[in-house]
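Take a look at the letters that make up each chain.
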Amino acid sequence: MAHRHDRAPAPVRPYGPTHREAPTPPVCRSRYHSLLPVLIGTTVCFSVARAADTPATNKPAVQQTAPQTHAAQPPKAEHIIVHRLSDSAPGSQPGGGLIHLQDGVKSVSTVSQDFISKQAPMATAFQLASVLPGANVASSDPMGFSPNTNITVRGLDNSAIGYVLEGMPLNDVAYYSGTPSQFADSENYQEIALAQGSADLDSPVLNAAGGLMNLTFRDPAKKAGGDASVSYGSYNTNREFIRLDTGDIAHTGIRGFISYSHGATDNWRGPGRDEKQHVDFKFLKEWGQGNRASLVGSFNTTITSWYPEPTMDTWKSDGIKGQNNLLARYDSTNPDNGANYWRLWRDAERTLYGGAPVHLSLTDRLSLDVTPYAQFAYGNWPGGSPMSTSGLYQGTQALSDTLNLPGAQDGVGVVRADYTQRSYRSGFTSALHYKTNWNDFVFGYWYDYGDDNEQQPFTAVQTNGSAADIWAENGKDLIRLSNGQKLLGGSFHTISQTNALFIGDHMSLLHDHLAIDLGFKAVMMSRDGTNNLPGPQYRVASNSMEPLPRLGVRWRIDGENQLFFNATTNFRAPDQTALYNTYDPSSGEMYGTGSTDVRNEYSISEELGYRRTGRWIIGSLTLFNYNFTNRQISTQAVQNGSIVTTTMNAGGQTSRGVDVEIGLRPWHHFSPYVSGEYLHATIDNDLMSGGDLLRTRGKIAVRSPTLQAAAGLSYDDGHLFGVATVHYTGHQYATFMNDERVSDHTTGDLAIGYRFSDHIHLHQPTLRMNFINITNEHYLSGVASPTLNAKDTTGVYGTTIAGSAPSYFIGGGFAALFTASTGF
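Residues numbered from 1 in each chain as written. Predicted model: local features only at pLDDT ≥ 70, side-chain atom pairs only at ≥ 80, totals over all residues. Heavy atoms only, no water.

**Some points on the confidence of the model for the chain**
Scored by pLDDT, the chain comes out at a mean of 87, with 88% of its residues at no less than 70. Per-residue pLDDT stays below 50 along residues 1-87; that stretch engages in 170 contacts with residues further than four places along the chain or on separate chains. (pLDDT = per-residue confidence, 0-100. Contact = heavy atoms within 4.5 Å.)

**Topic: unusual backbone geometry**
Positive phi, normally seen in glycine, also occurs at Ala 472, with a value near 55°. A relative accessible area of 9% means that Ala 472 is categorised as buried. In this structure, Leu 510 takes a positive phi of about 55° despite not being glycine. Note on placement: Leu 510 falls in the loop between strand 27 (491-509) and strand 28 (514-531). (Buried < 20%, exposed > 50% of the residue type's maximum accessible area, 1.4 Å probe, protein only. Helix = DSSP H or I, 4+ residues; strand = E, 2+ residues; numbered from the N terminus.)

**Notes on the side chain of Asn 158**
The residue Asn 158 is located in the loop between strand 7 (150-153) and strand 8 (162-165) in this model. Here Asn 158 is in contact with Phe 126, Thr 149, Asn 150, Ile 151, Tyr 163, Tyr 176, Ser 177 and Gly 178, once residues within four sequence places are set aside.

**Overview of the sheet that holds strand 26 (residues 458-460)**
Strand order in the open sheet formed by three strands is 20-23-26, and the pairing between neighbours is antiparallel. At either margin of the open sheet sits one strand with a lone partner, and together these are strand 20 (383-388) and strand 26. Neighbour-to-neighbour, the strand axes of this sheet turn through a mean angle of 45°, independent of strand direction. (Pairing = 2+ DSSP bridges. Axes fitted to C-alpha atoms, helices over the stretch in contact; angles between N-to-C directions.)

**With respect to the sheet that holds strand 9 (residues 168-169)**
One open sheet holds the five strands; their spatial order is 5-10-11-8-9, and the pairing between them is mixed. Each edge of the sheet is formed by a strand with only one pairing partner; in this case those strands are strand 5 (109-112) and strand 9. Relative to strand 11 (residues 212-217), strand 8 runs parallel, the two being bridged by four bridges. Paired with Gly 162 across the strands is Leu 212, a residue of strand 11.

If you want it as structure tokens, here you go:
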């Protein structure tokens, strides 16, 4: 969608100063200055200024000295300064909005509004970033509603990536993962930046060995107006969106926007329907020399239907049909079948993110950045489950109760096994900058407080398959014991606190040909929790303190070529679930044992790269290396009928590879883009299983495709536009023994549309069609739950170690979507 008042994206910079820029004349504002104008799909503006008007430190692009005409008058020089106009116009960005000029010490890839506005409007941040180097997205539906999704970057999964929106963290407080359908509506993104190797020094994240996804909202428009769109497409999909810009509110200098969207879609395979409502807002005040304060937030409420994740055997036998789907009708005669009724597997969740980033220029040299934030989330991830009416346990305590379950047969009935999580999170980041001629010192502090309460109650299922209150918030609808207590399969309450101090220096030397970043971060994290079920465990605790040094260097060879290098350290504590015992309510036995000796993942990563910013080509090539100890792998487990997230310790790992991306500036309105990655990730040691060792040393790490490649071709003449993308993902292993893997697959998407000229009060009315998975490829898009070994294996000490089947995501099928949009 075209936006009348959107600002051009700011250049990505390190936390210190970059090269000095000549002052921009008021008539022709621009971020770019060059010795020769770049005449590729842009307008060039020339201005003439006297030497006395230009500071001596800023050299003009072209200098001409006027001849001396009188001995009493000093010569007056005139300068022709070449300015390139803003890249905010549709179709003006390199690579169709898939690549951006970079100047930092590490690898960063971006997706800008130029590309985002051409994609399906409900596309998530994961889907929008899927063509960037190293990004491998495993999704379950083409429209982006389903939470059954994952992203890996250089083989590191969703829970190893930090997600930050306008300075506030979006990761789940307990599991580190991010759910992209909750983040924001795509129309409100100005840019999505993916730093593949590491997070920024001041980023409020703990788990970012896999990098940082930094999401930026557009700024509110300076004039009142708005945007609106409606969409309709495959699987009875509909979506409505409206955004209102206030403009300057009562001459206060405060301006803002608020948007609302509603969307719904049928499951593309099997029964079920998803529905989502979303609100984004941002209010901004700018004053003085660079002072800026804003209030940003995002609210999301959704009910989605679970897509079953098949094993390799069921995939080969049934594909996208049969047992790989939930049941459309409830089977009251068979509890095992009845538990697979689709209405028992609907996920309900609501989230609220809020932050208030502030930048204050205290003096010419001193500035302060502060971002307080808060987060609330509540969700229920249920599943159908057979349950005995008697012989039950609460933790390890036997119960004398006999349950009255509707439709129970032979002492077994169907229940909905709810799994609720209610979490609160708040904190702030602060960074004080002091600049000298060639230094930018930073000193900062981050504090984060999390309160997470997880329970597994149960709800009775009626003979028609209905179960009351999908949210499981109404206590009277839950199954209760004779003493009035809820029957629970789990009950954890965890308080977590993080304190981090960081200090750094960005040095700009040799007229900014050489830039050096030095940084150190000390992170202290504590968890204190209770297991509220009867049993041997009540209070749990863990404490971590990790020093995290870093170094980065960038050498500007000339105006078009750069080299960069960085070395970064990261750590991650295991998920909260690693602390707690879990119990089977039908037997009192433990599903899993909580660890009193949790081992943190620690990693050291290095990047060595080259960038080219030429007249035609913008691109980069990056070599990377990672070394992990106690590598944390996110997986899934069935707990009393519910699917829950957990982690497994994969020991040591070494990952090496190369990323490449190249984008061309627009040429006759065409903008091609290509990216690719080669990855070699290996396990460093044999892994323990059942008292024996599996021979995993030297095996390829799970979720780590050796080859990935993507290409995009955009066309945009201001009215007619289109973009085609294709993505190839090589095979990836699903087990640590490499005895089962996902085949390689190739998918392609296409968008085509037309922008009309302004008409009366409508700004650029636009019609577009999006075609997703245009070849209707049926494929496994990724590994949902890896295992140690799929087949029975003989261990190092001769023990037979039983195999366990991994599960997979089935990629979404073909979908088409029509969207009509306009500004006003």
